[in-house]
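Coordinate analysis (summary)
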Amino acid sequence: MNNRILVFIAGLCGTAGVVLSASASHGGGTFTGTAASFLLMHAPVLLAIGLLTANRILYAAGLILIVGLVLFCGDLLMRDFVSNRLFPFAAPTGGTLLIAGWLAIALAALRSAKTGD
């Protein structure tokens, strides 16, 4: 994955997080604030991964986090704005991917410590 793409997606996550935070504060749905928080907390992580010269595990972690965010936040936002789910178990699948992405970040740190990557 290209570093510039990760930085770009980090910027989009940050932008969406701010927009959704504003929406939530002005009477958005129940889940909008949660989606905004998740986007805002993951944007700096994706930015850091994109700015670092990183190993493959760290890149994979970034990709896993992106897919997790799309599924988790997408499902929550669909519930608020369309009154329907993205698909059954989209949010739990996305949440599980977010957990896996964070574990992959931890593994990337261990790999870097061992190999000097």
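Throughout what follows, the structure given in this document is the object of discussion. What you see as residue numbers is a count from 1 along each chain, following the sequence as written. Residue-level local features of this predicted model are given only where pLDDT is at least 70; pairs of side-chain atoms are given and counted only at 80 or more, and the full residue set underlies all totals for whole chains, interfaces and linings. With hydrogens and water excluded, all non-hydrogen atoms of the structure serve as input to the side-chain values.

So, the side chain of Thr-32
Think of it this way: any DSSP run of H or I at least four residues long counts as a helix, any run of E at least two long counts as a strand, and we number them from the N terminus. With respect to the helices and strands, the residue Thr-32 is situated in helix 2 (residues 32-51). Three labels apply to residues, based on accessible area from a 1.4 Å probe with only protein chains included: buried if under 20% of the type maximum, exposed if over 50%, partly exposed otherwise in between. The exposure class of Thr-32 is buried, given its relative accessible area of 0%. Aside from chain neighbours lying at most four places away, what touches Thr-32 is Leu-20, Ser-23, Ala-24, Leu-77, Asp-80 and Phe-81. It only takes one pair of heavy atoms within 4.5 Å for two residues to be counted as in contact.

Side note on helix 2
Take the number of residues in a helix, subtract one, and multiply by 1.5 Å to get its expected span. Compared with an ideal rise of 1.5 Å per residue, which puts 20 residues at 28 Å, helix 2 spans 29 Å between its outermost C-alpha atoms and is within 8% of the ideal. Remark: the principal bend of helix 2, roughly 25°, maps to His-42, with a proline, Pro-44, within the next four residues. Every buried residue of helix 2 is accounted for by Thr-32, Ala-35, Ala-36, Leu-39, His-42, Ala-43, Val-45, Leu-46, Ile-49 and Gly-50. Given a residue, its bend is the angle between the two axes fitted to the seven residues that end at it and to the seven that start from it.

Focus on the nonpolar core
Only buried residues count toward a nonpolar core. Its members are Ala, Val, Leu, Ile, Met, Phe, Trp, Tyr and Cys residues joined through side-chain atoms within 4.5 Å. Ranked by size, the top nonpolar core spans 26 residues in total, and within it Leu-46, Leu-69 and Ile-105 carry the most contacts. When residues of this core are traced back to their parent elements, those giving at least two are helix 1 (3-25), helix 2, helix 3 (56-81) and helix 4 (90-115). Take this core: its biggest share by element is 10 residues, from helix 3. Beyond its immediate stretch of four places on either side in the chain, Ile-105 contacts Val-45, Ile-49, Leu-58, Ala-61 and Leu-65.

Some thoughts on the layout of surface pockets
Method remark: on a 1 Å grid restricted to protein atoms, a set of points is classed as a cavity if a 1.4 Å probe fits but cannot get out and as a pocket if it is open with protein on both sides within 12 Å along at least five of seven lines; lining residues have an atom within 4 Å of a point. Grid points are joined across faces, edges and corners, and a volume is the space filled by probe spheres set on the points. What the largest pocket holds in volume is close to 150 Å³. Looking at the lining of the largest pocket, the elements with two or more residues in it are helix 1 and helix 3. Here the element with the most residues in the lining of the largest pocket is helix 3; it accounts for six residues. Among the residues making up the lining of the largest pocket, the classes are represented as nine nonpolar, one polar and no charged. We call Asp, Glu, Lys and Arg charged. Ala, Val, Leu, Ile, Met, Phe, Trp, Tyr, Cys and Pro are nonpolar, and the rest, Gly among them, are polar.

Concerning the packing of aromatic side chains
Stacked, tilted and edge-to-face pairs are distinguished by plane angle, under 30 degrees for stacked and over 60 for edge-to-face with tilted covering the rest, among Phe, Tyr and Trp rings (Trp via its six-membered ring) whose centres lie within 6.5 Å. In this structure the tally under the stated criterion is one aromatic pair. An angle of 45° between the planes, with centres 4.6 Å apart, marks the rings of Phe-38 and Phe-72 as tilted. With a gap of 34 residues between them, Phe-38 in helix 2 and Phe-72 in helix 3 connect regions that are remote in the sequence. Look at Phe-38 and you get partly exposed, because its relative accessible area is 22%.

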